[in-house]
Amino acid sequence: MAATVLEWLKVLGPLLLAVVVAIATWQFQKWQVRLAKQKLRHDLYDRRLAIYVAFQELLLALPEKSDDEIKAAFRKASIARFEAPFLLGDPKIPAYLEVLCKQVTDDVIGNIMFLDAMRKDSRMNDPQVVRDFAERADRLGKAKLDLPGRHLGELSEQFAEFLKLTDFWK
């Protein structure tokens, strides 16, 4: 009887061990797939947040920062906007970011560049040049105050769906 049990264990032992190893391997593989999906979700969240933060920093820089800092924030936001179509499933957000960049370019960056050029111009004694300079400086000041008020709330609304903090393990 004992010999029969030992023979059965010799036959079934490797088979049982193979089944246990297969089940453990399958469970480990499921865990790895789940972990990879969660890492992807986390990485997407980080990259989407970076786009949002770049535009938020741009809008907050307009009334508070120097022209050079505004230009730097605009470059950062402009680069971030090119990632938006790949990272955000909603085509409305890249379109909105394009509109926002165009408004900042037209109303702020364009006026900054004009004023910088005029400061270097030797015709600053001409009354027409002084009027143009003052008009552009006024438009620049108004745009720096107006754009954040118009867009900070909308920016948050546009990104709200993509920046919800959720438990990545669910």
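Structural notes, computed from the coordinates. (Residues numbered from 1 in each chain as written. Predicted model: local features only at pLDDT ≥ 70, side-chain atom pairs only at ≥ 80, totals over all residues. Heavy atoms only, no water.)

**Regarding the packing of aromatic side chains**
- Across all of its chains, the model carries two aromatic pairs by this definition.
- Sitting over the ring of W26, K30 keeps its end group 4.5 Å from the ring centre.
- We note R136 situated over the ring of F114; from NZ or CZ to the ring centre the distance is 4.1 Å. (Phe/Tyr/Trp six-rings, centres within 6.5 Å; stacked < 30°, edge-to-face > 60°. Lys NZ or Arg CZ within 6 Å of the ring centre and 35° of its normal.)

**Some thoughts on the side chain of D67**
- As for its position among the elements, D67 is in helix 2 (residues 67-81).
- At a separation of 2.8 Å, a polar atom in the side chain of D67 contacts the side chain of K144.
- Among residues more than four places away in sequence, those in contact with D67 are I112 and K144. (Helix = DSSP H or I, 4+ residues; strand = E, 2+ residues; numbered from the N terminus. Polar contact = N/O pair within 3.5 Å; in protein donor to acceptor, adjacent residues only side chain to side chain. Contact = heavy atoms within 4.5 Å.)

**A word on the packing of helix 1 (residues 2-64) against helix 5 (residues 127-159)**
- Running from N to C, helix 1 and helix 5 cross one another at 160°; their axes reach a closest spacing of 8 Å. The angle between the axes of helix 1 and helix 5 places the two elements in the roughly antiparallel class. Along this stretch, helix 1 crosses helix 5, giving a crossing that reads as left-handed. Contacts between helix 1 and helix 5 involve R48, I51, Y52, F55, Q56, L59, L60, L62 and P63 on the former and, on the latter, K144, L145, L147, P148, H151, L152, L155, S156 and F159.
- For the contact of helix 1 with helix 5, the residue count by class is 13 nonpolar, three polar and two charged. (Axes fitted to C-alpha atoms, helices over the stretch in contact; angles between N-to-C directions. Parallel < 35°, antiparallel > 145°, perpendicular 65-115°, else oblique. Left-handed = near helix turned anticlockwise from the far one by under 90°. Nonpolar A, V, L, I, M, F, W, Y, C, P; charged D, E, K, R; others polar.)

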